[in-house]
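Descriptive structure summary
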Amino acid sequence: MAQALALIVDDEPDILELLEITLSRMNIASKPAQDLAEAKQLLKLHTFDICLTDLQLPDGNGLDLVKHIQKHCPSLPTAVITAFGSMEAAIQALKLGAFDFVSKPVDLKSLKSLVTSAIKINDTVEPVDRRSREELLGDSVIMANVRSKIAKLARSQAPIYISGESGTGKELVAKLIHAKGPRSHQAFVPINCGAIPHELMESEFFGHKKGSFTGAIADKPGLFQTASGGTLFLDEIADLPLHMQVKLLRAIQEKSIRPIGSDAELAIDVRVLSATHKDLAKLVEQGDFRQDLFYRINVIELGLPALRERTEDIKQLADHVLKKLNAEHNNTSANLTDNALKALTQYSFPGNVRELENILERAFTLCENGLIHQPDLQLPDNTQDTSNQANEAKHTLQKTAPPTNEAPLEDYLGTLEKEAITKALEKTRWNKTAAAKELGITFRALRYRLKKLGLDD
């Protein structure tokens with residue numbers, strides 16, 4: 001295996017020497033540069049495995065170098081060395097595509113851990129499979145985009161905020177980001193922040209020392225220590241009380257924790273992913289969630305679509321769920337009838353993929369002769385339509401004269417919906433993006449309804 005090569009950029013000779021010695025002890029060769037111009041020249045001449053750069057350089061700054069590397073050497077992991085307290089600059093570097101950051105004075109243990117993780121990204125001996133199509137199902141464009149983002153985010157150590165409604169698969173996505181990254185061989189530790197009693201929260205997160213409080217009969221490591229070297233997933237982070245938000249912010253920024261009853265700080269090497277189904281930005285406005293913590297965990301946001309926004313994936317998801325159910329019940333197998341599948345594609349799924357799984361599991365039990373019909377699904381009657389416009393059509397129907405006997409209810413609603421969509425298209429001069437915004441639905445939902453109503457020519 002060829003020796004790894006690092007580009008180290010700093011205008012302080014002492015720092016360059018420290019980095020060079022540290023890397024050589026890890027069997028990593030290095031090329032030093034004292035400014036931006038010299039670094040760019042070395043990038044043209046050599047193929048590097050990692051770049052370590054100071055933020056303050058004589059002819060620019062490390063952020064300029066991060067941008068340059070992202071454009072010309074996008075597979076090169078870059079870490080920035082920041083002055084103590086310059087967290088905003090570190091976050092900006094992460095947003096621009098930096099792999100990670102390390103603060104001055106440089107902690108050699110943290111530096112070695114960072115370098116080891118970075119080198120693993122482009123490991124050709126044990127390459128990580130970054131494809132996730134088999135785990136995160138869906139052939140829709142919107143899901144292809146999500147999978148593409150997961151592959152990219154797995155290469156970084158930036159904190160990721162996963163947003164989306166309940167049941168959209170936030171924990172699954174967090175696991176994939178972990179599994180496709182350089183920390184995949186270490187622990188993935190999920191925490192449901194809403195399930196831990198407030199009085200036990202600090203002990204659960206950071207651990208405690210024996211005798212530090214009544215009942216502390218032995219030293220206990222916290223979840224940050226359990227996840228050391230790996231990933232900590234903070235699910236439902238919006239449920240954290242304010243006093244814990246302060247302590248969490250400090251742990252993330254300083255990359256260290258202090259167990260209850262301890263006098264010493266413990267350095268931590270953990271990647272933090274977080275998620276909630278609530279609107280965190282709104283909670284910040286209301287004063288229920290700290291703005292500085294939101295800013296820190298939301299370096300990059302990954303939004304997950306609701307199932308009603310990707311109805312074309314329902315058949316594939318349903319087939320997958322039924323395949324699992326059939327495998328679990330060796331003597332039983334079941335399949336969806338056409339009318340059942342049609343009902344599923346017209347249902348709004350407020351509970352998203354999790355609700356689809358529950359519906360199919362119930363239908364699997366209720367069906368006869370291995371065929372799941374529409375009645376077996378037991379779908380609520382008032383949520384069959386998939387768009388806001390269809391719901392408006394229902395509301396209009398209640399205030400207007402009932403349809404004639406010649407026009408069934410479904411046809412009548414379809415006519416109202418068709419008129420509303422046509423009106424929106426005409427108003428926006430057939431600009432579909434603008435029309436979707438006018439109707440209050442997503443662009444993909446509009447395309448789906450145009451196709452269903454025969455207006456997609």
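Residues numbered from 1 in each chain as written. Predicted model: local features only at pLDDT ≥ 70, side-chain atom pairs only at ≥ 80, totals over all residues. Heavy atoms only, no water.

Topic: the sheet that holds strand β6 (residues 78–82)
Each strand in a sheet pairs with its neighbour through backbone hydrogen bonds, running either in the same direction (parallel) or in the opposite one (antiparallel). Strand order across the open sheet formed by 5 strands is β2-β1-β3-β6-β7, with parallel pairing between neighbours. Since the sheet does not close on itself, it has two edges, and those belong to β2 (28–33) and β7 (100–103), each with one partner. Taken pair by pair, the neighbouring strands of this sheet meet at an average axis angle of 20°, ignoring direction. Pairing geometry for β6 and β7, over 4 bridges, is parallel. Note on β7: the bridge partner recorded for Ala79 is Asp100. On top of the sheet, helix α3 (residues 62–72) reaches β1 (4–9), β3 (50–54) and β6; it is set at about 155° to β3, its chief contact. (Pairing = 2+ DSSP bridges. Helix = DSSP H or I, 4+ residues; strand = E, 2+ residues; numbered from the N terminus. Axes fitted to C-alpha atoms, helices over the stretch in contact; angles between N-to-C directions. Contact = heavy atoms within 4.5 Å.)

What to know about helix α19 (residues 432–439)
Owing to its 3.6 residues per turn, the α-helix aligns residues three or four sequence positions apart on the same side. All buried positions along α19 are accounted for by Ala435, Ala436 and Leu439. The arc enclosing the buried residues of α19, seen along the axis, measures out at 100°, which places them on a common side. Turned more than 90 degrees away from the buried face of α19, the exposed residues are Thr433 and Lys437. Backbone nitrogen of Thr433 and a side-chain oxygen of the N-cap are separated by 3.1 Å at the start of α19; the cap is Asn431. Just downstream of α19, Gly440 is the residue with a positive phi angle, here 80°. (Buried < 20%, exposed > 50% of the residue type's maximum accessible area, 1.4 Å probe, protein only. Arc of directions from axis to C-beta. Polar contact = N/O pair within 3.5 Å; in protein donor to acceptor, adjacent residues only side chain to side chain.)

Overview of the nonpolar core
With 32 residues, the main nonpolar core has Phe205, Phe224, Leu232, Leu234, Leu248, Leu280 and Phe289 as its most contacted residues. Those elements that provide at least two residues to this core are β9 (188–192), α8 (201–206), α9 (223–226), β12 (231–235), α10 (242–254), α11 (280–286) and α12 (291–297). Ranked by the residues each element gives to this core, the list is headed by α10, at 5 residues. Among all residues touching Leu232, those that are not within four sequence positions of it are Val189, Ile191, Leu223, Phe224, Ala227, Val270, Arg271, Val272 and Leu273. Counting residues in each nonpolar core, the second largest holds 26 residues, with Leu322, Leu325, Leu344 and Val353 among its members. (Core = buried A, V, L, I, M, F, W, Y, C linked by side-chain atoms within 4.5 Å.)

Structural notes on the pattern of salt bridges
With the rule as written, the count across this model stands at 17 salt bridges. For Lys180, the salt bridge identified is with Glu135, shortest N-O distance 3.3 Å. Placement of the pair is Lys180 in the loop between α7 (170–179) and β9 and Glu135 in the loop between α5 (108–121) and α6 (141–153), with a sequence separation of 45 residues. For Glu135, a relative accessible area of 38% corresponds to the partly exposed category. A salt bridge links Asp239 to Lys278; its shortest N-O distance comes to 2.8 Å. Of this pair, Asp239 sits in the loop between β12 and α10 while Lys278 sits in the loop between β15 (271–276) and α11; the two residues are 39 residues apart in sequence, bridging distant segments of the chain. Residue Asp239 is classed as partly exposed on the basis of its relative accessible area, which comes to 26%. For Lys278, a relative accessible area of 34% puts it in the partly exposed group. A network of salt bridges, in which partner residues are shared, links Asp10, Glu12, Asp54 and Lys104. (Salt bridge = Lys/Arg side-chain N within 4 Å of Asp/Glu carboxyl O.)

Quick look at the confidence of the model for the chain
Mean pLDDT for the chain: 86, with 89% of residues reaching 70 or above. The least confident element of the chain, judged by mean pLDDT, is helix α17 (residues 388–399) at 42; the most confident is β12 at 97. In this model residues 382–407 is a low-confidence stretch, pLDDT under 50, and it forms 38 contacts with partners more than four residues away in sequence or in other chains. (pLDDT = per-residue confidence, 0-100.)

Focus on the packing of helix α13 (residues 314–328) against helix α15 (residues 352–366)
Interhelical geometry of α13 versus α15 gives an angle of 50° and a closest axis separation of 10 Å. The orientation of α13 with respect to α15, classified from their angle, is oblique. The two elements α13 and α15 cross, and the hand of that crossing is right-handed. Of the residues in α15, those in contact with Ile314, Leu317, Ala318, Val321, Leu322, Leu325 and Asn326 of α13 are Val353, Leu356, Glu357, Leu360, Glu361 and Phe364. Considering only residue class, the contact of α13 with α15 consists of 10 nonpolar, 1 polar and 2 charged. (Parallel < 35°, antiparallel > 145°, perpendicular 65-115°, else oblique. Left-handed = near helix turned anticlockwise from the far one by under 90°. Nonpolar A, V, L, I, M, F, W, Y, C, P; charged D, E, K, R; others polar.)

Some remarks on the layout of surface pockets
Taken as a whole, the largest pocket spans an internal volume of roughly 660 Å³. Around the largest pocket, the lining comprises 34 residues; the ones closest to its centre are Phe101, Ser103, Gln253, Glu254 and Lys255. Listing elements by their share of the lining of the largest pocket, those giving two or more residues are α4 (87–96), β7, α5, α10 and β15. Taken as a whole, the second largest pocket encloses approximately 530 Å³ of empty space. In terms of lining residues, the second largest pocket is bounded by 22 residues, among which Thr168, Gly169, Leu172, Val353 and Glu357 are the most central. Listing elements by their share of the lining of the second largest pocket, those giving two or more residues are α7, α13 and α15. Among the residues forming the lining of the second largest pocket, the class breakdown is 6 nonpolar, 6 polar and 10 charged. (1 Å grid on protein atoms, 1.4 Å probe; cavity = no way out; pocket = protein on both sides within 12 Å on 5 of 7 lines; lining within 4 Å. Points joined across faces, edges and corners; volume = space filled by probe spheres on them.)

Focus on the side chain of Gln157
When you line up the elements, Gln157 lands in the loop between α6 and β8 (160–163). Using a relative accessible area of 7% as the deciding quantity, one classes Gln157 as buried. Those residues in contact with Gln157, other than ones at most four positions away along the chain, are Phe99, Asp100, Pro182, Arg183 and Arg271.

Thoughts on the pairing of β15
Of all 6 residues making up β15, 6 are buried, and the element is well covered by its neighbours. Residues Arg271, Leu273 and Ala275 point to one face of β15 and Val272, Ser274 and Thr276 to the other, with burial holding for every one of them. Where β12 lies against β15, 5 bridges are found, and the strand directions are parallel. The residue bridging Leu232 from the neighbouring strand is Val272, located in β15.

As for the sheet that holds β15
Pairing is parallel across the open sheet formed by 5 strands, whose spatial order is β9-β12-β15-β8-β16. Single-partner strands in this sheet number two, and they are β9 and β16 (300–303). Between one strand axis and the next, the sheet turns by 20° as a mean value, whatever way the strands run. Summarising the sheet, β8 and β16 pair through 4 bridges and their orientation is parallel. Pairing of Ile160 across the sheet is with Ile300, part of β16. Packed onto the sheet, α6 meets β8, β15 and β16 and runs at close to 150° relative to β16.

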